[in-house]
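Breakdown of the fold
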Amino acid sequence: MWYNNKLVLATFAHHTTQWVWANIDGIGWLRIKDGAVDGLSNLSIMMNAARASGRTVNVYVDGSNLITTAYLL
């Protein structure tokens, strides 16, 4: 399901490999899908950039409630 034009309220990264979350306005805490290191890093950087700049994002959340795709607006 796509969620459009949402603010990133906060991000969190666990010290273990590939565990990153984003708190999306109106949705709550969602984990970024792991498994592809580059993809996880890119989405993590994007969420942090959105939070730091106050820009919004469009995020796709899969059936497992994981962020798999995002666009920085």
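Before any of the text, the structure's been laid out above.
In this report, the structure presented in the accompanying data block is examined. From a predicted model like this one, the values you see are computed outputs, not experimental measurements. (Residues numbered from 1 in each chain as written. Predicted model: local features only at pLDDT ≥ 70, side-chain atom pairs only at ≥ 80, totals over all residues. Heavy atoms only, no water.)

Turning to the sheet that holds strand β1 (residues 2-13), a few remarks are in order. The strand order around the closed barrel built from five strands is β1-β2-β3-β5-β4, with neighbouring strands paired in mixed fashion. Pairwise comparison of adjacent strand axes, ignoring direction, gives a mean angle of 55° for this sheet. Note that strand β3 (residues 28-32) and strand β5 (residues 66-72) share two bridges and pair parallel. Among the inter-strand pairings, Arg 31 is bridged to a residue of β5, identified as Leu 66. Packing of helix α1 (residues 37-53) onto the sheet brings it into contact with β1, β2 (20-24), β3, β4 (56-61) and β5, and relative to β5 it is tilted by some 55°. (Pairing = 2+ DSSP bridges. Helix = DSSP H or I, 4+ residues; strand = E, 2+ residues; numbered from the N terminus. Axes fitted to C-alpha atoms, helices over the stretch in contact; angles between N-to-C directions. Contact = heavy atoms within 4.5 Å.)

The next thing to look at is the packing of aromatic side chains. According to the stated counting rule, one finds four aromatic pairs in the structure shown. Taking the centre distance of 5.5 Å and the plane angle of 45° together, the rings of Phe 12 and Trp 21 count as tilted. According to the relative accessible area criterion, Trp 21 is partly exposed, its value standing at 21%. Through pairs of rings, three or more aromatic residues link up here, namely Trp 2, Tyr 60 and Tyr 71. (Phe/Tyr/Trp six-rings, centres within 6.5 Å; stacked < 30°, edge-to-face > 60°. Buried < 20%, exposed > 50% of the residue type's maximum accessible area, 1.4 Å probe, protein only.)

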